[in-house]
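# Residue-level structure breakdown
One letter stands for each residue in the lines below.
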Amino acid sequence: MTRSAAIYGCSGHRLTAEEKAFFADVRPWGFIVFRRNVDGPEQMRALTDEMRHCVGDADAPVLIDQEGGRVQRMGPPHWAKYPPAEAYLKATNDPLAARELVRLGARLMANDLKAVGVDVDCAPVLDVPVPGAHDIIGDRAWGRDPATVAMLGRAAAEGLLAGGVLPVIKHMPGHGRAFADSHHDLPVVHADRATLDGWDFAPFRALSDMPLAMTAHVVFDAIDPKRPATTSRKALKLMREDLGFGGLIMTDDLSMKALSGSLRERAEDSLKAGCDVVLHCNGDLDEMRQVAEGVGKLKGKAGKRAAAALARIVREVEPLDEFAARDRFDALMAGRLDAARGPDVGEAQA
């Protein structure tokens, strides 16, 4: 049975009877969990199982925003606290060493997520900040230039994929130049197309092979001065043709104040512009019902992209000695390089 082109959140640690009935009726493609939904490992596993049971699909994707730093929904005491993206390069002062460390951190993160039934992480952030930009991105960025962001962003994506978790590159085609927080206002970027191509868009073009992407609620004058990228046909065409992205494109959260119109209109406008799936996060059931009025079935090219994305989830994850890997990760982050290297050959053979 075909599912609807939507991803929804829920209100608490377990689904309410009303939520179960709603999800069973509209059958969204996937779900997303936030900190309000997180208590402990057993509870998380029960919640993700419930979500999948509602739509009758054991493979329905469950998403989370687990970047590290300010954006980490699962954390202590049950899970490790991960550093923000900018900390990796600061810890190593070497892009190649940082790349190894980023991949290791993402592999550990995937291990945490997979164990509780979460198989999509809304990361890595590929936005490249510019001086004076709003700090909504800030330390969530891997670096301060497109090449570094692309290299470390790919390392994060590869670590997640190796652990059986799909990455979502965001916020396409770029939020790093925005001088406002799209959670509260609509940012407008006035840079010319050549500047955007060489800076903001470059990491997304470099990772155009990834399975999933999330849009930016940002207006780019040089592309479409009237609409934010999420609801702009011109921006979605750019993502597909100029950036070469062939995977599934989801919106950022429809309830963010950068968007205008009713929730139904936001959903309709996003899908008409070329997004494959809409995302609604806050768990408000009345709002979800409004979104559902503007969402049709996930079919055609969008349906094929959704299936292709899920096919990228590896069934046999890369082997991981969790305790040794975490010790190495902590040592590298702390700059204890000797400890991170482990014993030399002579010691190992003693």
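See above for the structure.
Calculation rules
- Residues numbered from 1 in each chain as written.
- Predicted model: local features only at pLDDT ≥ 70, side-chain atom pairs only at ≥ 80, totals over all residues.
- Heavy atoms only, no water.
- Core = buried A, V, L, I, M, F, W, Y, C linked by side-chain atoms within 4.5 Å.
- Buried < 20%, exposed > 50% of the residue type's maximum accessible area, 1.4 Å probe, protein only.
- Helix = DSSP H or I, 4+ residues; strand = E, 2+ residues; numbered from the N terminus.
- Contact = heavy atoms within 4.5 Å.
- Expected span 1.5 Å × (residues − 1).
- 1 Å grid on protein atoms, 1.4 Å probe; cavity = no way out; pocket = protein on both sides within 12 Å on 5 of 7 lines; lining within 4 Å.
- Points joined across faces, edges and corners; volume = space filled by probe spheres on them.
- Nonpolar A, V, L, I, M, F, W, Y, C, P; charged D, E, K, R; others polar.
- Salt bridge = Lys/Arg side-chain N within 4 Å of Asp/Glu carboxyl O.

Our next topic: the nonpolar core. Judged by nonpolar contacts, the single largest core of 108 residues is most densely connected at Trp29, Leu212 and Met250. At 9 residues, the largest contribution of residues to this core is made by helix H4 (residues 95-115). Those residues within four positions of Met250 in sequence are excluded, and the remaining contacts are Ile7, Leu63, Val168, Leu212, Ala213, Met214, Thr215 and Val277.

In this model, helix H2 (residues 41-55) (15 residues) spans 22 Å end to end at C-alpha, consistent with the 21 Å of a helix rising 1.5 Å per residue. The set of residues buried in H2 consists of Gln43, Met44, Leu47, Thr48, Glu50, Met51, Arg52, Cys54 and Val55. The inward-facing, buried residues of H2 contact helix H1 (17-26), strand E2 (28-33) and strand E3 (62-64).

Another aspect to go through is empty space enclosed by the protein. In total, this model carries 1 cavity of 30 Å³ or more according to the counting rule given. As a volume, the largest cavity reaches approximately 160 Å³. Forming the walls of the largest cavity are 21 residues, and the residues nearest its centre are Gln66, Glu67, Ala123, Trp142 and Ala156. For the lining of the largest cavity, the secondary structure elements donating two or more residues are strand E4 (66-68), H4 and helix H5 (146-162). Examining the composition of the lining of the largest cavity, we find that 4 residues originate from one element, H4, more than from any other. Among the residues forming the lining of the largest cavity, the class breakdown is 12 nonpolar, 4 polar and 5 charged.

Glancing now at the pattern of salt bridges. Using the criterion set out here, one finds 28 salt bridges in the structure. Note that Arg140 is salt-bridged to Glu67, the shortest N-O span being 2.8 Å. Residue Arg140 is located in the loop between strand E6 (120-121) and H5, and its partner Glu67 is located in strand E4; the two are separated by 73 residues in the primary sequence. We note that Arg140, like Glu67, is buried. The closest approach of N and O atoms between Arg107 and Glu318, which form a salt bridge, is 3.6 Å. Here Glu318 lies in the loop between helix H11 (300-310) and helix H12 (322-333) and Arg107 lies in helix H4, a separation of 211 residues in the sequence. Note on Arg107: relative accessible area 3%, which makes it buried. Looking at Glu318, the relative accessible area reads 30%, which means it is partly exposed. Through salt bridges with shared partners, a single network forms among Asp65, Glu67, Arg73, Arg140 and Lys170.

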